[in-house]
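# Structural description and commentary
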Amino acid sequence: HEWPVGRIIPYLESSAKQPLPANVRRTLEEWEALHQRIIIRLRVNLAQTADPQLLQQLQNSPLGAKWRPVAETVLLSDAPMAELAAGLRQAGWPPAQTAAGQTDAPQSVVIDEDGRVRFAHRAPSLYALGAIAPLSVEASPEHEQGAQRRITPAMVKAALKQGRTLPDLIAHLQRLNQGPLPAPFVVKLKAWTEYYGHAREETVILLEFRDTAARDELVADPALRGLLSPFRAADRALAATHPDHLEQVRHLLRERGIAIQPGLKT
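Residues numbered from 1 in each chain as written. Predicted model: local features only at pLDDT ≥ 70, side-chain atom pairs only at ≥ 80, totals over all residues. Heavy atoms only, no water.

As a further point, take the overall build of the chain. Broken down by element type, the chain carries 10 helices and 10 strands. Since a compact globule built from 266 residues should have a radius of gyration of about 18 Å, the 36 Å found for the chain marks it as more spread out than a globular shape. Seen along its three principal axes, the alpha-carbon backbone of the chain occupies a region of about 115 × 55 × 35 Å. Looking at the 266 residues of the chain, the share that counts as buried comes to 29%. Sequence-distant contacts in the chain: of pairs separated by 6 or more residues, those separated by 24 or more amount to 50%. Carbon and sulfur atoms provide 53% of the accessible area of the chain, an area that totals close to 18,200 Å². Separation of charge centres in the chain, based on 31 positive and 29 negative side chains, amounts to 4 Å. (Helix = DSSP H or I, 4+ residues; strand = E, 2+ residues; numbered from the N terminus. Rg over C-alpha atoms; globule rule 2.2 N^0.38 Å. Buried < 20%, exposed > 50% of the residue type's maximum accessible area, 1.4 Å probe, protein only. Contact = heavy atoms within 4.5 Å. Areas by Shrake-Rupley, 256 points an atom, 1.4 Å probe, with all protein chains shown as cover. Lys, Arg positive; Asp, Glu negative; His and termini not counted. Charge placed at Lys NZ, Arg CZ, Asp CG, Glu CD.)

Here you go:
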């Protein structure tokens, strides 16, 4: 049973047949104040307006009697949701409703190629905000082309550290986004998560021989060993050498009767 302190104190005093000590009364009252700081209510009907001005308009309308404000843009009602939604539509405020059980907020945002996020509705649902918030930070609309949030490398990396995978993140954002995710943004996601890994570079000289059999014999030649390496490229008879070895390789190839012409076969 939920007994408020206002009921507990008289009960204890009645049972003890004397007033409660001041310190006990004070402790009970402090406990109640702490418990009242956070109240969880189940199955309530909430309406969220795009701004405080719209909430005030709703309060001043004939529908105002059905709602009571609980925050600057949030109202609470005990009336059935269907009745409330019908009243809002008739008054010219068609509400965006979330179907029962639809907590993944599909197509609730628009993500651009730079990761800027705009909500599909002026007053995004709690589910839409909860779905995008762990991957983004608040944006400044005047400096971010009207965006409300921005997906950042740091937030994406933090999500990966918590066990999410890149394919999971892409699929999650695709469900949230209206339309396909922009290809440049997907590339950014892959870059932020080091999807492509790392690369190495080296400057080499490519030589193309008559065929792969000739190339392989020359690569195995004791004089050319270590100077010439096979360069695998489909059926092309290519070999690579370092620029520092080019003159030596040319000399050895000429000794073997190979005329070297500029340019590779097209």
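Attention now goes to the environment of Arg150. Mapping Arg150 onto the fold places it in strand 7 (residues 149–151). With 36 residues separating them in the primary sequence, Arg150 and Asp114 have C-alpha atoms 8.3 Å apart. If we skip the residues at most four places from it in the chain, Arg150 touches Asp114, Gly115, Arg116, Leu135, Ser136, Val137, Ala139 and Glu144. A polar contact is formed between the side chain of Arg150 and the backbone oxygen of Asp114, at a distance of 3.2 Å. (Polar contact = N/O pair within 3.5 Å; in protein donor to acceptor, adjacent residues only side chain to side chain.)

Turning our attention to helix 8 (residues 183–192). Looking at helix 8, one finds that the buried residues are Phe185, Val186, Leu189 and Trp192. Projected down its long axis, helix 8 shows its buried positions confined to an angular sector of 120°, all on one face. Residues of helix 8 that are buried make contact with strand 4 (109–111), strand 7, helix 6 (153–161) and helix 7 (166–176). (Arc of directions from axis to C-beta.)

To continue, consider the sheet that holds strand 9 (residues 229–231). Within a beta sheet, neighbouring strands are joined by backbone hydrogen bonds and run either parallel or antiparallel to one another. Spatially, the three strands line up as an open sheet ordered 8-10-9, and their pairing is antiparallel. The sheet is open, and its two edges are formed by strand 8 (205–208) and strand 9, each paired on a single side. Strand-to-strand twist in this sheet, taken as the mean axis angle between neighbours without regard to direction, amounts to 40°. Relative to strand 9, helix 9 (residues 212–220) is tilted by about 150°, and along the sheet it contacts strand 9 and strand 10 (238–241). (Pairing = 2+ DSSP bridges. Axes fitted to C-alpha atoms, helices over the stretch in contact; angles between N-to-C directions.)

By the alternation rule, side chains of strand 3 (residues 74–77) split into Val74 and Leu76 and Leu75 and Ser77, which are all buried. In terms of strand pairing, strand 1 (residues 45–48) meets strand 3 through four bridges, oriented antiparallel. Paired with Asn45 across the bridge in strand 3 is Ser77. Pairing between strand 2 (residues 68–71) and strand 3: three bridges, direction antiparallel. Looking at the pairing, Arg68 lines up with Leu76 of strand 3. Count of turn residues in the strand 2/strand 3 antiparallel hairpin: two residues.

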